[in-house]
Amino acid sequence: MNVLMICQNFYPEIGSAANRMKNIFKRMEQQGSEVHVLTSEPLYPTAELYTDAMFWDEPSLDAAKITRIQPRDLRATTNLWRRLRLFIEQFVLAVQEVRHDTKQYAYIYATTPSIFMGLVGVVAKHLKKAPLILDVRDLWPESLVGVGITKSRLLLAPLYWLEKWMYRQADQIVINSEGFRSYIEKKGIAPEKIHYIPNSIEENEWLIKRRKVSEQVRVVYTGNIGLAQDVFLLLDVAEQLKEDKHIEFHVVGYGYHKEKFEAHVLERGLTNIHFMNAMPRWDALKQLAKSDIAFATLVESTAFDTVTPGKIIDYMAMGCAIVGAVSGHAAKVIEDAGAGFVSRERSREKVVEHIRYLAEHPEARSAMGQSGVKYVQAHFDWEQNQERLFEAIRQTDLRVLGVSK
């Protein structure tokens, strides 16, 4: 059967969003579906990044199955109106593609954020007369408030209305964090329509081997240095630990605040922080496997207490003990796994204390690393969680799916 997948982020983009959609695409295809992807030109974190051939490392993905819209403004920005202009342009271009597409589809699989790509899925549902599975990867516009972009009721009121309407238009809803469930149910969505499918680890990624323990303790942060991450806390922590010569920090980062972060490292003379540029997922996982401790952080906001960052799953899968400056669901996952220490208050002193303790107690960080691996194997493995995906698909519209087979 034919499936139309609509998403803002897709291969070769780095980050958990694109990786999630690539994995769902592959699993749909393995089940015998013909999946066509409607997405944007790779823009995250910057369009220029993808001029490097190393990011195009999946030759098995047929380019003929991917339609990429090309917005005019490719720059990342925190300017609210410019971001909205980009999202609206992506919406208009994507809707045009749907209208010109002559194929019929058994179902539509669309994902947020932004809300506008989810709304393309609603339009596609009605144009193609096909059921819609909506993958909610982030709560939007709630996250706009969380990162401080806007608190304008004039703007947020219609966006919240659109969000609620979008949820109700969906035939089934997929969430990647259990923290989203109660929020969506409060929008009037029946619990049986909501399916939890977390970001997970692929079978081949378990083959990456950890390095042996050494006297030099490596603390790593990977991923976005953006509006939702309080990565600047790491600067304060590294400054307090700069006399601990056996502890070094490695940042594999990208995003809006990347240059600002690097500038602060130089200004403070933090020679214990080593920066690496963005790299493909496989290489980033190998950097984790070389590390002893991994740092996780989110800004303090109720909007992010519902989130389970993909990097936490990756940290655990690669056997790192975690030190988290997080609260809500992210903190719960780390503690339930026994994979590390958490400071819900984002206390610099506590984070320093936790890192120093783990640096001085290799047996403790090894035990936490092993606990994290076991937890991921039990809860965040794609080979297991793909069955939840197929169940969500089965429940969209059995009559339509039956005719399409």
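Up top you'll find the structure we're talking about.
Now for a description of the structure that goes with this document.

Here is what the cut-offs are and how they apply
Each chain has its residues counted from 1, running along the sequence as written. With pLDDT at 70 or above as the cut-off, local features in this predicted model cover only qualifying residues; side-chain atom pairs require 80 or more to be listed or tallied, and sums for whole chains, interfaces and linings still use all residues. Derived side-chain values reflect all non-hydrogen atoms in the structure, with water molecules and hydrogen atoms excluded from consideration. Axis angles are defined between N-to-C directions and span 0 to 180 degrees, where every axis is a line fitted to C-alpha atoms and, for a helix, only to the segment in contact. Segments assigned H or I by DSSP are reported as helices when at least four residues long, segments assigned E as strands when at least two residues long, and all are numbered from the N terminus. Contact between two residues is taken to exist if any of their heavy atoms lie within 4.5 Å; hydrogens are not considered. We call Asp, Glu, Lys and Arg charged. Ala, Val, Leu, Ile, Met, Phe, Trp, Tyr, Cys and Pro are nonpolar, and the rest, Gly among them, are polar. Each residue is placed in one exposure class: buried if its accessible area under a 1.4 Å probe, protein chains only, is under 20% of its type's maximum, exposed if it is over 50%, and partly exposed if it falls in between. Two strands pair if DSSP finds at least two bridges between them. In this analysis, rings of Phe, Tyr and Trp, with Trp reduced to its six-membered ring, are considered paired at centre separations within 6.5 Å, and the interplanar angle assigns stacked below 30 degrees, edge-to-face beyond 60, and tilted for intermediate values. Just so you know how the angles are binned, under 35 degrees is roughly parallel, over 145 roughly antiparallel, 65 to 115 roughly perpendicular, and the rest oblique. In this scheme the crossing of two helices becomes right-handed for a clockwise turn of the near helix relative to the far one and left-handed for an anticlockwise turn of less than a right angle. A helix is expected to span 1.5 Å multiplied by its residue count minus one. Arc definition: directions from the helix axis to the C-beta atoms. Think of a polar contact as two N or O atoms within 3.5 Å of one another; within protein, one of them needs to be a possible hydrogen donor and the other a possible acceptor, and neighboring residues in sequence only count if both atoms come from side chains.

## Some thoughts on the packing of helix α10 (residues 310-317) against helix α13 (residues 362-379)
Then, number 1: For the pair α10 and α13, interaxial distance at closest approach is 7 Å and the crossing angle is 115°. Along its contact with α10, which presents Ile-313, Met-316 and Ala-317, the element α13 presents Gly-369, Gly-372, Val-373, Tyr-375 and Val-376.
Then, number 2: Its residues assigned to classes, the contact of α10 with α13 comprises 6 nonpolar, 2 polar and no charged.

## Details of the pairing of strand β11 (residues 293-297)
Then, number 1: β11 sits mainly inside the fold: 5 of its 5 residues count as buried.
Then, number 2: Note: strand β8 (residues 217-224) against β11, 2 bridges, orientation parallel. In the strand pairing of β11, Val-219 is matched with Ile-293.
Then, number 3: In the sheet, β11 pairs with strand β12 (residues 321-325) via 5 bridges, with the strands oriented parallel.

## Some thoughts on the packing of aromatic side chains
Then, number 1: Within this structure, the stated rule accounts for 12 aromatic pairs.
Then, number 2: With 5.7 Å between their ring centres and 85° between their planes, Tyr-44 and Tyr-254 make a pair best called edge-to-face. One end of the pair, Tyr-44, is in the loop between β2 (34-40) and β3 (66-69); the other, Tyr-254, is in strand β9 (residues 247-254), and 210 residues separate them in sequence.
Then, number 3: The class for Tyr-44 is partly exposed, based on a relative accessible area of 29%.
Then, number 4: Using a relative accessible area of 10% as the deciding quantity, one classes Tyr-254 as buried.

## Some remarks on the packing of helix α3 (residues 115-128) against helix α5 (residues 153-169)
Then, number 1: For the pair α3 and α5, interaxial distance at closest approach is 10 Å and the crossing angle is 45°. Considering their axes alone, α3 and α5 lie oblique with respect to each other. At the point where α3 passes α5, the crossing takes the left-handed sense. Contact residues: Ile-115, Phe-116, Gly-118, Leu-119, Val-122, Lys-125 and His-126 in α3; Leu-159, Leu-162, Glu-163, Trp-165, Met-166 and Gln-169 in α5.
Then, number 2: In the contact of α3 with α5, the residues fall into 8 nonpolar, 3 polar and 2 charged.

## Notes on helix α12 (residues 348-360)
Then, number 1: Here α12 spans 18 Å end to end across 13 residues, near enough to the 18 Å set by a 1.5 Å rise per residue.
Then, number 2: All of the buried residues along α12 are Val-351, Val-352, His-354, Ile-355, Leu-358 and Ala-359. Down the axis of α12, the sector holding all buried residues measures 165°, keeping them to one side.
Then, number 3: In this structure Ser-347 caps α12, since a side-chain oxygen of it lies 3.4 Å from the backbone nitrogen of Glu-349.

## Observations concerning the sheet that holds strand β1 (residues 2-6)
Then, number 1: Strand order in the open sheet formed by 7 strands is β3-β2-β1-β4-β5-β6-β7, and the pairing between neighbours is parallel. Strands with a single pairing partner mark the edges of an open sheet, and in this sheet they are β3 and β7 (194-196). Shown here is a sheet whose adjacent strand axes are inclined to one another by a mean of 20°, direction ignored.
Then, number 2: Relative to β3, β2 runs parallel, the two sharing 4 bridges. Note that in β3 the partner of Ser-40 across the bridge is Ile-69.
Then, number 3: Where α3 meets the sheet, its contacts fall on β1, β2, β4 (107-112) and β5 (132-136), and the angle it forms with β4 comes to roughly 165°.

## Let's talk about the environment of Ile-247
Then, number 1: In this structure, Ile-247 sits in strand β9.
Then, number 2: Relative accessible area serves as the criterion here: at 2%, Ile-247 is assigned to the buried category.
Then, number 3: In this structure, the C-alpha to C-alpha distance between Ile-247 and Arg-218, residues 29 residues apart in sequence, is 6.1 Å.
Then, number 4: Filtering out sequence-adjacent residues up to four positions away, Ile-247 remains in contact with Gln-216, Val-217, Val-219, Leu-241, Asn-272, Ile-355 and Ala-359.

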